[in-house]
Amino acid sequence: MLKNIIINNSMALIALLILILPANGYTQNLLNGPQKIVIDIKRNRLLVSNANSGDIIQIDSIGNQTYFVQGADFIDGIEIVGDTIYGIGNNRKIKAYNLETKQLVLDFTLPGSPSNYLSSITYDSIGHLFISCPLLNEIYRMNIDNLSYWVFAKDNGLNKPNGILLEKEKNRIVVIDDSPNSIIHAINLSDSTVSALYTSALNSPDGIIRDKYGKHYIGGYYLQGMFQADSEFNNDIELFYKGSTIVYPTYDEKNHSILVTHYDSNTWERVPLRN
């Protein structure tokens, strides 16, 4: 009798675990409209912004997901600078949290109508953030130390600028338009001049990155996958990886791979690259 009770209880426990644990063995999926992944190298984890919840989700080395900050208001682009993570919030907010303490260390609003939302963000390693505002065709430059900011580039061919990529050795940022027949622009870091690098047939792409060999990769919610371009955009952009609702790609130099989120399915994946 006791043996039967033990067996029955064990089987019940196994059945309960099957119901609770997902098939891949990871903890529950906390992603909710995932946008951008950044790599926190120092702490061996990924951090993800989520458009629908504003949560920052951390993913450990074996794929387990936990909350870093719930309700952080990180709904779009994010960037790590030292021990701080910066992100775009609602209503033209720029917010930041300490990566060790999770403490909110910045809650700054760029003046303007909330409808003129901010989108992507990057850092130039000498104390400035660059932030895109698609509807105003503006790129802002912001001093992290004193929070002074100015319009770094405006119009001059920009058409809903979204994803921003710093190419320091070329003294430029590369910006991609979130519009039909998107243009990829270079903006000179010294004098803010805007020049067209490539006119594409892409429909409203979101993000652009570069690998260690100089190749560029483009993602976007409305695209049928991720696209690849050469270092100077001399050749036609080609579909590199098929996938749906990819928003922003992120390059992982350590594994020579690209991390992408899938907005509609609340998932993420790692795409290996060849040399």
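Thresholds applied
Residues numbered from 1 in each chain as written. Predicted model: local features only at pLDDT ≥ 70, side-chain atom pairs only at ≥ 80, totals over all residues. Heavy atoms only, no water. Helix = DSSP H or I, 4+ residues; strand = E, 2+ residues; numbered from the N terminus. Rg over C-alpha atoms; globule rule 2.2 N^0.38 Å. Buried < 20%, exposed > 50% of the residue type's maximum accessible area, 1.4 Å probe, protein only. Contact = heavy atoms within 4.5 Å. Areas by Shrake-Rupley, 256 points an atom, 1.4 Å probe, with all protein chains shown as cover. Lys, Arg positive; Asp, Glu negative; His and termini not counted. Charge placed at Lys NZ, Arg CZ, Asp CG, Glu CD. pLDDT = per-residue confidence, 0-100. Pairing = 2+ DSSP bridges. Axes fitted to C-alpha atoms, helices over the stretch in contact; angles between N-to-C directions. Phe/Tyr/Trp six-rings, centres within 6.5 Å; stacked < 30°, edge-to-face > 60°. Salt bridge = Lys/Arg side-chain N within 4 Å of Asp/Glu carboxyl O.

1. With respect to the overall build of the protein
Okay, step 1: Helix and strand content of the protein: one helix and 23 strands.
Okay, step 2: A compact globule built from 275 residues should have a C-alpha radius of gyration of about 19 Å, and the protein, at 21 Å, falls within 12% of that.
Okay, step 3: On the principal axes, the C-alpha backbone points of the protein span a range of 85 × 40 × 35 Å.
Okay, step 4: Taken across its 275 residues, the protein has 52% of its residues classed as buried.
Okay, step 5: A separation of at least 24 residues holds for 38% of the contacts in the protein among residues at least 6 apart in sequence.
Okay, step 6: Carbon and sulfur atoms make up 51% of the accessible area of the protein, which amounts to about 13100 Å² in all.
Okay, step 7: Counting 22 positive and 28 negative side-chain charges, the protein places the averaged centre of each group 5 Å from the other.

2. Some points on the confidence of the model for the protein
Okay, step 1: Residue-level pLDDT values for the protein average 92, and 90% of them are 70 or greater.
Okay, step 2: Low pLDDT (under 50) marks residues 1-26, which in the prediction has five contacts with non-local residues, meaning those over four places away or in another chain.

3. Comments concerning the sheet that holds strand β7 (residues 93-98)
Okay, step 1: Pairing within the open sheet is antiparallel, and its four strands lie in the order β5-β6-β7-β8. The sheet terminates laterally at β5 (78-81) and β8 (104-109), the two strands that pair on one side only. Pairs of neighbouring strands in the sheet enclose a mean axial angle of 20°, with direction left out of account.
Okay, step 2: Where β5 and strand β6 (residues 84-89) come together, four bridges link them in antiparallel fashion. Considered in β6, the bridge of I78 is made with G87.

4. Overview of the side chain of T122
Okay, step 1: On the secondary structure map, T122 appears in strand β9 (residues 121-123).
Okay, step 2: Residue classification places T122 among the buried positions, given a relative accessible area of 7%.
Okay, step 3: Ignoring sequence-local partners within four residues, the contact set of T122 consists of E79, H128, L129, F130, I164 and L166.

5. Topic: the packing of aromatic side chains
Okay, step 1: For the coordinates displayed, the defined rule picks out six aromatic pairs.
Okay, step 2: Consider the rings of Y217 and F240, whose centres lie 5.4 Å apart with planes at 65°: the pair is edge-to-face. In this pair, Y217 sits in strand β18 (residues 216-219) while F240 sits in strand β20 (residues 238-242), placing the two residues 23 residues apart along the sequence.
Okay, step 3: Assessed through its relative accessible area of 1%, Y217 is described here as buried.
Okay, step 4: Looking at F240, the relative accessible area reads 32%, which means it is partly exposed.
Okay, step 5: Summarising the aromatic geometry, the rings of Y221 and Y222 are spaced 5.0 Å apart at their centres and angled 80° between planes, so their arrangement reads as edge-to-face.
Okay, step 6: Overall, the relative accessible area of 27% leaves Y221 in the partly exposed class.

6. A word on the pairing of strand β3 (residues 56-59)
Okay, step 1: Because side chains alternate across β3, one face comprises the buried residues I56 and Q58, and the other comprises I57 and I59, equally buried.
Okay, step 2: With four bridges connecting them, strand β2 (residues 45-50) and β3 associate as antiparallel partners. Across the sheet, residue L46 finds its bridge partner in β3, namely I59.
Okay, step 3: Where β2 folds back onto β3 in an antiparallel hairpin, the turn is made up of five residues, including G54, whose phi is positive at roughly 75°.
Okay, step 4: Examined bridge by bridge, β3 and strand β4 (residues 65-69) share four bridges and lie antiparallel to one another. Among the inter-strand pairings, I56 is bridged to a residue of β4, identified as V69.
Okay, step 5: Between the antiparallel neighbours β3 and β4 lie five residues, among them G63 with a positive phi of about 95°.

7. Things to note about the pattern of salt bridges
Okay, step 1: Scanning the model with the defined rule gives 14 salt bridges in all.
Okay, step 2: Notably, a salt bridge pairs K42 with D83, separated by 3.4 Å at the nearest N-O pair. Taken together, the residues span a long stretch of sequence, with K42 in the loop between β1 (34-40) and β2 and D83 in the loop between β5 and β6 at a distance of 41 residues.
Okay, step 3: Classification of K42 as exposed rests on a relative accessible area of 58%.
Okay, step 4: A salt bridge links R43 to D83, with the shortest nitrogen-to-oxygen separation between them at 2.7 Å. Of this pair, R43 sits in the loop between β1 and β2 while D83 sits in the loop between β5 and β6; the two residues are 40 residues apart in sequence, bridging distant segments of the chain.
Okay, step 5: With a relative accessible area of 18%, R43 lands in the buried category.
Okay, step 6: Judged by its relative accessible area of 33%, D83 is partly exposed.
Okay, step 7: Beyond isolated ion pairs, a larger network of salt bridges with shared partners links D40, K42, R43, R45, D83 and E100.

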